[in-house]
Amino acid sequence: MDHLRPQPAVPCQSRSCSEAHEAMQLVAKSIRLDEVNALAASMLTFASDVGREADMLEMAAAPGQEEQWAGPGPTRATSVVACIPAYVSAGGDAVSVGGGMAADHARGLTGASGHIDADAINLEELEAQGSQVDKLQDMEAPEGAISFDVSGDDILDALASPEIDPEPLPDIELPSHLMDPAEIDAAVQALHPRFIPLEGSLDDALSRADSLPPAACCPPVNEDTGITQRRLSNGIRVNYRHTDNEPKAGLLRIVAAGGRASESTDPGPGGVGAVGVGTRTLSEGGAVADFSREQVEAFCIANLVQSVMDSNDEFFVMDVHFAATNGGLRCAFELLHQVLQHPRWEQQAFERSKLAFINSGQSVGKSLERASSSKIMGAMLGPDMRLGDPAPEYLEQLTLDGVRNVLERQLHPTNLELNVAGDFDQQELEELVLKYVGKWA
């Protein structure tokens, strides 16, 4: 809709998404880094050089600076909007003294494009809300709070302060692969992952696999459901279904049985809350093997891969959405393999995750719905807190090694199931399953 909706500020002829993409591809070939830097220097001086507008204009007009700036030259801020609290605590945190009716109403005035709809403005209602704001300003400060008095000049002085010297973010090296293809091929040659019969115990299926015809290990698609089933030699079960509901795209879902129900009922380093906190720690960290979180994010963005990780009462689940073109399916399997086989368990991510669960537990009593649900679950389950919000004092006893051990036991290959749905090539999928999932131990 953004391509079809007229823009009041910049009237122009709209084009389709495919036309815009083709035009961008043609233009991208001629874009140079110095041109991007010149345009950024011109456009962003309004924020980077507040109070130094005259100096910037003089610098841009100096001889030899023509290539360093893009027309029309340096920009300047025309206004500064700052949302500040009326009161703060002794520690500097904002203290609320009233509701947000004006803000809620303002959200109703803006359309989908972000422009204010003049026909929706009710002047009488705005005046009434303005009088309420004036009353709030006349209220006495809450107990223990400090009035936060700041003027426009104070804000401008802070923006123009020479003490502000931001450091540029480090350049992120975009990896073409999260796994070395040569190492993958060597591991496949050493471990010989293969498909085995669906029925029987793992040991029995492995002993029968070599003597059975391929059809016994790779049954055809089920005509009623359209689902194809496989079982890997490490015990992981695979279900996949081809569908073109979302052309050239698909979803991988790895499921581990257990979830929070598999936690210990007692508090401790790997006790109540370990699965929930452990899952969030993996998601918060994001770093795998020798790659930082930023590199993994860049890899996913460049290859149109998205992932989300969660755990509930019964399962640990990781979803990976992928584009089935330009190697997107391979990239999805690389991410899946590294996250579940070579994650980096980071102490800071664990502390952030634990704090989030503690804050959530402490806020139960502030919500009528959550407090009622907690009381009902407590009446049904008694002291067992695995299916409810763990008490903060229980969460405090968790440790990084404890939650990691609990989650790694749950992610054993014999406890995993891989489900794939989307518009992909069946032969490519089975080859990637054997290479990237079949060698998990």
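Residues numbered from 1 in each chain as written. Predicted model: local features only at pLDDT ≥ 70, side-chain atom pairs only at ≥ 80, totals over all residues. Heavy atoms only, no water.

What about the environment of S373?
Then step 1. Here S373 is to be found in helix α14 (residues 368–381).
Then step 2. Owing to a relative accessible area of 39%, S373 belongs among the partly exposed residues under this scheme.
Then step 3. Placed 15 residues apart in sequence, S373 and G388 show a C-alpha to C-alpha distance of 8.8 Å. (Helix = DSSP H or I, 4+ residues; strand = E, 2+ residues; numbered from the N terminus. Buried < 20%, exposed > 50% of the residue type's maximum accessible area, 1.4 Å probe, protein only.)

Comments concerning helix α10 (residues 274–285)
Then step 1. The terminal C-alpha atoms of α10 lie 16 Å apart, and with twelve residues this matches the ideal 16 Å at 1.5 Å per residue to within 8%.
Then step 2. Here α10 lies mainly inside the structure; nine of its twelve residues are buried.
Then step 3. By the burial criterion, the buried members of α10 are A274, V275, G276, V277, G278, T279, T281, L282 and G285.
Then step 4. Where the residues of α10 are buried, they touch α11 (293–302), β7 (306–311), β8 (315–323), α13 (347–362), α15 (392–395) and α16 (400–410).
Then step 5. Phi turns positive, to about 80°, at G286, one or two residues after α10. (Expected span 1.5 Å × (residues − 1). Contact = heavy atoms within 4.5 Å.)

Points about the layout of surface pockets
Then step 1. Roughly 330 Å³ of internal volume is contained in the second largest pocket.
Then step 2. For the lining of the second largest pocket, the secondary-structure elements that each account for two or more residues are α10, α11, β7 and α12 (328–341).
Then step 3. A breakdown of the residues in the lining of the second largest pocket according to their chemical character gives twelve nonpolar, four polar and three charged. (1 Å grid on protein atoms, 1.4 Å probe; cavity = no way out; pocket = protein on both sides within 12 Å on 5 of 7 lines; lining within 4 Å. Points joined across faces, edges and corners; volume = space filled by probe spheres on them. Nonpolar A, V, L, I, M, F, W, Y, C, P; charged D, E, K, R; others polar.)

Overview of the packing of α10 against α16
Then step 1. Look at α10 against α16: their axes get within 9 Å of each other, and the N-to-C directions meet at 95°. Classed by the angle they form, the pair α10 and α16 counts as roughly perpendicular. From α10, A274, V275, G278, T279, T281 and L282 reach across to α16, where they touch L400, V403, V406, L407 and Q410.
Then step 2. Looking at side-chain class alone, the contact of α10 with α16 contains seven nonpolar, four polar and no charged residues. (Axes fitted to C-alpha atoms, helices over the stretch in contact; angles between N-to-C directions. Parallel < 35°, antiparallel > 145°, perpendicular 65-115°, else oblique.)

Quick word on a nonpolar patch on the surface
Then step 1. A grouping of L26, V27, I31, L33 and V36 is seen on the molecular surface, where their side chains present a nonpolar patch of about 490 Å² in accessible area.
Then step 2. Counting only elements with at least two residues in the nonpolar patch, the list comes to α1 (17–28) and α2 (33–48).
Then step 3. Note on placement: L26 falls in helix α1.
Then step 4. By relative accessible area, L26 is classed as exposed at 62%. (Patch = residues over 30% accessible without salt bridge, like charges linked within 9 Å, V, L, I, M, F, W, Y side chains within 5 Å. Areas by Shrake-Rupley, 256 points an atom, 1.4 Å probe, with all protein chains shown as cover. Salt bridge = Lys/Arg side-chain N within 4 Å of Asp/Glu carboxyl O.)

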